[in-house]
There are 2 protein chains.
Amino acid sequence: MEGYWLFLVLLVSALLLGFLSVLFALVWVFHYREGLSWDGGSAEFNWHPVLIITGFIFIQGIAIIVYRLPWTWKCSKLLIKFIHAGLNTIAMILAIVSLVAVFDFHNAKNIPNMYSLHSWIGLTAVIFYTLQLVLGFAVFLLPFAPVSLRASLMPIHIYSGLLIFATVIATALMGVTEKLIFALKTPAYSTSPPEAIFVNTLGLLIVIFGALILWMATRPHWKRPPEQNSKIQQPNGGTPEGTEEESTVTDCSNTDKSDVEFNSEAAARKRNLKLDEVGQRSTM
Amino acid sequence: MEGYWLFLVLLVSALLLGFLSVLFALVWVFHYREGLSWDGGSAEFNWHPVLIITGFIFIQGIAIIVYRLPWTWKCSKLLIKFIHAGLNTIAMILAIVSLVAVFDFHNAKNIPNMYSLHSWIGLTAVIFYTLQLVLGFAVFLLPFAPVSLRASLMPIHIYSGLLIFATVIATALMGVTEKLIFALKTPAYSTSPPEAIFVNTLGLLIVIFGALILWMATRPHWKRPPEQNSKIQQPNGGTPEGTEEESTVTDCSNTDKSDVEFNSEAAARKRNLKLDEVGQRSTM
């Protein structure tokens, strides 16, 4: 892998920033705010930032770059797809629970729902994220979609995934802004009390985490190489014609494959290369 | 150009959304707020959203995609570089004037500066934008930088340009949130008065504008083709070895060039292709 050590440094930095962001969110709600509970009060609202930062930012970020971890390149692509889809599903569930927490809190306190720009963009992001997950599952995980459809949808899948991720971070920054203005009265946000400095720093951590994920996800030389896959998926038993090269095994023990098998794959892959280039490699 | 009509539809949509965003910003400050003046009051603050949306979002967005307009491909790359740098310089000046307006307003009203996450990230974005402009000028416009440096910096230049653009939009959304919370008291933002709905809609317009710009800027098949350039820049008179193919003419009248010249360029370009791929074409 070209630039392996740089990738490793960036990955460790992203993980540290991600963990630190979750830690900061927990310190915020437990040290500065009312902690966590499910009682319709402020402690129920607090699940909102904690779950968004944990699931919708940190886990989504890891889900985005999971294909790029070089240690997974000996695993089947299908396995990594399941991990990608699984992490995104966890992120979606946490995001939805965090929405329930904030709606519950608003209803208990008679605060209107969906009036702010934060709520408009945030709910739109959750809806598009769910659509992205369902469409991704139907097109790229289930074996029914024709390869031409996969090839034409892959650039859109990658772009909309990264756009939703960036939009979620922007929405989190709006949410942080709202919460600090509403919660900090004596002393006010504008007097920069310790909580304001602390949570502003949390906002910066999230932005840097997002910037690292987007850098790692868009470097062409860090893309999972198609040559490392083990078998071409041929659901109809015919000659593979499309873009999706996929292993039928789901573990990482494919290092003992014979040269003959590898060579026949190489020939098949050569036929696939042009569409693959269109569909995936040259997207971002 | 592959997908010319789609590009045209997206470009017209982006221009419409950009103009509409500026129009919404003007209607916001003139119809719902105190208008524009330079007196230390709210009307001076109002320059901040108007100039940020006009310069730092709309003009910056156009500057990002100016290389991708197919009608400019017959013009020299140097001319387009000047237009790119010029638009970004205008955007930077408007952003700095908009910062002066808000600092002036804060100082006149005894409101602390730089306490909010919006201000932290916004000022950081302006500083990085200025650095990006100065570095871009020194490396890509002045003829002194070695081609290897240009090749290695181009992916960073593109990535940081798009990252700053996205960060500016996120910061604008935070700013809109702050302003609506502070300004809307009777009736409050949470009761969704017409101004709240109007300015939330402005926020959505900005997000969609940004999404269109980022899509157009990252499609590999819409990149300016290197074959359309007119001459290879050879400042030392030697054989070109690097990535930057550049015209020494600065107009769009290079369509009468001879075949002989074109063929010699083609050979030179072939030598440059590998580094060019590394440096630019495969970045995003």
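No experiment lies behind these values; they were computed from the predicted model shown.

Here we look at the overall build of chain A
- Looking only at helices and strands, chain A has 8 helices and 0 strands in total.
- Seen in sequence order, chain A has helices and strands lined up from the N terminus as α-α-α-α-α-α-α-α.
- Considering chain A as a whole, with its 284 residues, one finds that 54% of them fall into the buried category.
- Of all intrachain contacts in chain A linking residues separated by at least 6 positions in sequence, the fraction that spans at least 24 positions is 77%.
- For chain A, the accessible area works out to roughly 12400 Å², and carbon and sulfur atoms hold 70% of it.

So, the side chain of Glu178 of chain A
- Its location among the elements puts Glu178 of chain A in helix α6 (residues 147-183).
- For Glu178 of chain A, the contacting residues outside a window of four places in its chain are Ser116 and His118 of chain A together with Thr177 and Ile181 of chain B.

Description of the packing of helix α7 (residues 194-218) of chain A against helix α6 (residues 147-183) of chain B
- Viewed as axis vectors pointing N to C, α7 of chain A and α6 of chain B meet at an angle of 135°, and their least axial separation amounts to 11 Å. When the interaxial angle is binned, α7 of chain A and α6 of chain B end up oblique. Every pair of crossing elements has a handedness; the one defined by α7 of chain A and α6 of chain B is right-handed. Of the residues in α6 of chain B, those in contact with Ala211, Leu212, Leu214, Trp215 and Thr218 of chain A of α7 of chain A are Pro155, Ile156, Tyr159 and Leu163 of chain B.

Observations regarding the relation of the copies chain B and chain A
- With an RMSD of 0.0 Å, the fit of chain B onto chain A corresponds to turning through 180° and sliding 0.0 Å along the axis. Both copies of the chain, as the preceding transformation shows, are related through a two-fold rotation axis.
- Both copies share a contact surface, since 100% of the interface residues of chain B are interface residues in chain A too.

Quick word on the interface of chain B and chain A
- Of the residues lining the interface, 37 residues belong to chain B; the matching set on chain A comes to 37 residues.
- Between chain B and chain A lies a buried interface of about 3300 Å² when both sides are counted; carbon and sulfur atoms form 76% of it.
- Of all residues in chain B, Tyr115, Leu117 and Trp120 of chain B bury the most surface against chain A, accounting for 18% of the area lost on that side.
- Counting every contact that joins chain B to chain A gives 0 salt bridges.
- Counting residues per element, the ones that place at least two in the side of chain B that touches chain A are α5 (117-141), α6 and α7 (194-218) of chain B.
- When residues of the side of chain B that touches chain A are assigned to their parent elements, the largest contribution, 12 residues, is made by α6 of chain B.
- Each residue belonging to the side of chain B that touches chain A can be placed in one class, and the counts come to 25 nonpolar, 10 polar and 2 charged.

Some points on the UniProt feature "transmembrane region" (unreviewed entry) in chain A
Residue and element names in this part refer to chain A.
- Under the UniProt annotation, the feature "transmembrane region" (unreviewed entry) is placed at residues 7-30, 50-70, 82-103, 123-144, 156-176 and 196-217.
- Secondary structure across residues 50-70 comprises 76% helix and 0% strand; the distance between its end C-alpha atoms is 30 Å.
- Secondary structure content for residues 196-217 is 100% helix and 0% strand, while the C-alpha to C-alpha distance between its ends is 32 Å.

Quick look at unusual backbone geometry
- With an omega of 0°, the peptide bond running from Thr186 of chain A to Pro187 of chain A counts as cis.
- Along the chain, Pro187 of chain A turns up in the loop between α6 and α7.
- Backbone geometry places Ser192 of chain B, a non-glycine residue, at a positive phi of 50°.
- Mapped onto the fold, Ser192 of chain B is located in the loop between α6 and α7.
- For Ser192 of chain B, a relative accessible area of 30% corresponds to the partly exposed category.

Let's talk about empty space enclosed by the protein
- All told, the structure shown has 3 cavities of 30 Å³ or more when counted by the stated rule.
- Considering only enclosed or pocket space, the second largest cavity measures out at about 550 Å³ in volume.
- Where the lining of the second largest cavity is concerned, the elements lending two or more residues are α6 and α7 of chain A together with α6 and α7 of chain B.
- Of the residues forming the lining of the second largest cavity, the biggest block, 9 residues, is contributed by α6 of chain A.
- The residue makeup of the lining of the second largest cavity, split by class, is 24 nonpolar, 7 polar and no charged.

As for the environment of Tyr32 of chain A
Residue and element names in this part refer to chain A.
- Here Tyr32 shows up in helix α1 (residues 4-32).
- Accessibility expressed as a relative area gives 25% for Tyr32, which makes it partly exposed.
- For the pair Tyr32 and Val199, spaced 167 residues apart in sequence, the C-alpha separation works out to 9.9 Å.
- In this structure, Tyr32 is in contact with Val27, Pro194, Glu195 and Phe198, ignoring residues within four places of it in sequence.

Concerning the side chain of Arg68 of chain B
Residues and elements named next belong to chain B.
- When you line up the elements, Arg68 lands in the loop between α3 (47-65) and α4 (77-108).
- One buried charged residue, Arg68, remains without a salt bridge, the closest side chain of opposite sign being Glu2 at 11 Å.
- Polar contacts involving the side chain of Arg68 include one to the main-chain carbonyl oxygen of Met216, which spans 3.0 Å.
- With residues up to four places along the chain from it excluded, the contact list for Arg68 reads Met1, Phe7, Trp73, Met216, Ala217, Thr218, Arg219, Trp222 and Lys223.

Some thoughts on the confidence of the model for chain A
All names here are of chain A.
- Summary statistics for chain A give a mean pLDDT of 86 and a share of 80% for residues scoring 70 or more.
- Of the regions scoring below 50 in pLDDT, residues 228-249 engages in 70 contacts with residues more than four places distant in sequence or in other chains.
- Segment residues 254-284: pLDDT under 50, and 68 contacts once partners within four positions in sequence are set aside and those in other chains are kept.

Cut-offs and rules
- Throughout, residues of each chain are indexed from 1 in the direction in which the sequence is written.
- Chains carry letters and ligands carry numbers; both start at the beginning, A for chains and 1 for ligands, and go up in the order they are written.
- The predicted origin of the model limits local features to residues at a pLDDT of at least 70 and limits the giving and counting of side-chain atom pairs to 80 or more, whereas totals for whole chains, interfaces and linings rest on all residues.
- Hydrogen atoms and water are omitted, and side-chain values are computed over all heavy atoms in the structure.
- The numbering of helices and of strands both runs from the N terminus, where a helix is a DSSP run of H or I of at least 4 residues and a strand a run of E of at least 2.
- Exposure categories follow from relative accessible area, calculated using a 1.4 Å probe and restricted to protein chains: below 20% of the type maximum is buried, above 50% is exposed, and the middle band is partly exposed.
- Contact between two residues is taken to exist if any of their heavy atoms lie within 4.5 Å; hydrogens are not considered.
- The protein chains shown are the only cover counted for residues, whose accessible areas, like all others here, come from Shrake-Rupley with a 1.4 Å probe.
- Convention adopted: a line fitted to C-alpha atoms gives each axis, helices being fitted over their contacting stretch, and angles between N-to-C directions are expressed from 0 to 180 degrees.
- Put simply, angles under 35 degrees are roughly parallel, angles over 145 are roughly antiparallel, angles from 65 to 115 are roughly perpendicular, and the rest are oblique.
- Crossings are sorted by hand: turned counterclockwise from the far helix by less than a right angle, the near helix makes the crossing left-handed, and turned clockwise it makes it right-handed.
- Our superposition of the copies is a least-squares fit, built on the C-alpha atoms of residues whose pLDDT is at least 70 in both.
- Buried area is a sum: the accessible area each of two parts loses on coming together, probed at 1.4 Å, counted once for each and added.
- When a carboxyl oxygen of Asp or Glu is within 4 Å of a side-chain nitrogen of Lys or Arg, the pair counts as a salt bridge.
- Residues are grouped as follows: Ala, Val, Leu, Ile, Met, Phe, Trp, Tyr, Cys and Pro are nonpolar; Asp, Glu, Lys and Arg are charged; every other residue, Gly included, is polar.
- UniProt positions are given in the numbering used here, feature names are shortened, and annotations may be inferred rather than shown by experiment.
- Here a cavity is any set of points on a 1 Å grid over the protein atoms alone where a 1.4 Å probe fits but cannot get out, and a pocket is any open set with protein on both sides within 12 Å along at least 5 of 7 lines; a residue lines the site when it has an atom within 4 Å of a point.
- Grid points are joined across faces, edges and corners, and a volume is the space filled by probe spheres set on the points.
- In this charge count, Lys and Arg are treated as positive and Asp and Glu as negative; neither His nor the chain ends contribute.
- Any N or O atom pair separated by 3.5 Å or less is treated as a polar contact, with the protein-specific requirement of one donor-capable and one acceptor-capable atom, and with residues adjacent in sequence counted only for side-chain atom pairs.
- Every residue carries a pLDDT, the predictor's confidence in it, which falls somewhere between 0 and 100.

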